[in-house]
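# Geometric and topological summary
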Amino acid sequence: MLSAQNRMTRSTDFDATVKHGVRVAQPDLVIHARQVQQISPPKIGLIISKSVGSAVQRHRVARRLRHVARSVLAELESDQVVIRALPSSRDAMSAQLERQLRAGLRRIRQLTGSRG
């Protein structure tokens, strides 16, 4: 579970990250990330649309992604990250989602020239 300080809750943060951030696609995820100017803990938001499946399937994907996202928090500085689950994510295992998230974040660091 993500702590309250690491959860993105404001729609303006979601919008700014998706609109102005760097986007990387993976087979089951699309990852948007942007660096914020003020020093703050990293924030992670999830977008899981109805195309992923029923409410039960969407909540299962959300739980897996929150667990996976918690494992990468130490690698983020004051970043804002939005993870969009694609329909294929409902059949993906947690380890597969973690590999894709790490690969996506690594690619974002390459594109932006950030540490890592």
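Owing to the predicted nature of the structure, the values given are computational and were not obtained by experimental measurement.

## Things to note about the nonpolar core
Membership of the largest hydrophobic core comes to 22 residues, with the highest contact counts inside it found for Ile44, Val81, Ile83 and Leu101. Every element with two or more residues in this core is listed here: strand S2 (29–35), helix H2 (55–72), strand S4 (79–85) and helix H3 (94–112). Ranked by residue count, the leading element in this core is H2, at 5 residues. Excluding residues within four positions of it along the chain, Val81 makes contact with Met8, Ile31, His32, Ala33, Lys43, Ile44, Gly45, Leu76 and Leu105.

## What to know about H2
Here H2 contains 18 residues, and its C-alpha end-to-end distance of 26 Å stays within 8% of the 26 Å for a straight helix at 1.5 Å per residue. Those residues of H2 that are buried lie in contact with S2, strand S3 (43–48), S4 and H3.

## Side note on the environment of Phe14
Tracing the backbone shows Phe14 in helix H1 (residues 11–20). In this structure Phe14 comes out as buried when scored by relative accessible area, which is 17%. Between the alpha carbons of Phe14 and His67 there is a distance of 20 Å; along the sequence they are 53 residues apart. Beyond its immediate stretch of four places on either side in the chain, Phe14 contacts Met8, Thr9, Gly45, Leu46, Ile47 and Val82.

## Overview of the pattern of salt bridges
Across all of its chains, the model carries 3 salt bridges by this definition. Its salt-bridge partner being Glu75, residue Arg109 comes within 3.9 Å of it at the nearest N-O pair. Taken together, the positions of Arg109 in helix H3 and Glu75 in the loop between H2 and S4 put the pair 34 residues apart, joining distant regions of the chain. What makes Glu75 partly exposed here is its relative accessible area of 26%. The partner of Glu98 in a salt bridge is Arg102, with the nearest N and O atoms 3.1 Å apart.

## Examining the pairing of S4
Most of S4 is tucked away: 6 of the 7 residues are buried. The pairing of S2 with S4 spans 7 bridges and is antiparallel. Bridging across to S4, Leu29 finds its partner in Ala85. Relative to S4, S3 runs parallel, the two sharing 6 bridges. Across the sheet, residue Ile44 finds its bridge partner in S4, namely Val81.

About the criteria used
- Residues numbered from 1 in each chain as written.
- Predicted model: local features only at pLDDT ≥ 70, side-chain atom pairs only at ≥ 80, totals over all residues.
- Heavy atoms only, no water.
- Core = buried A, V, L, I, M, F, W, Y, C linked by side-chain atoms within 4.5 Å.
- Buried < 20%, exposed > 50% of the residue type's maximum accessible area, 1.4 Å probe, protein only.
- Helix = DSSP H or I, 4+ residues; strand = E, 2+ residues; numbered from the N terminus.
- Contact = heavy atoms within 4.5 Å.
- Expected span 1.5 Å × (residues − 1).
- Salt bridge = Lys/Arg side-chain N within 4 Å of Asp/Glu carboxyl O.
- Pairing = 2+ DSSP bridges.

Take it as geometry only, folks, not as evidence of what the structure does.
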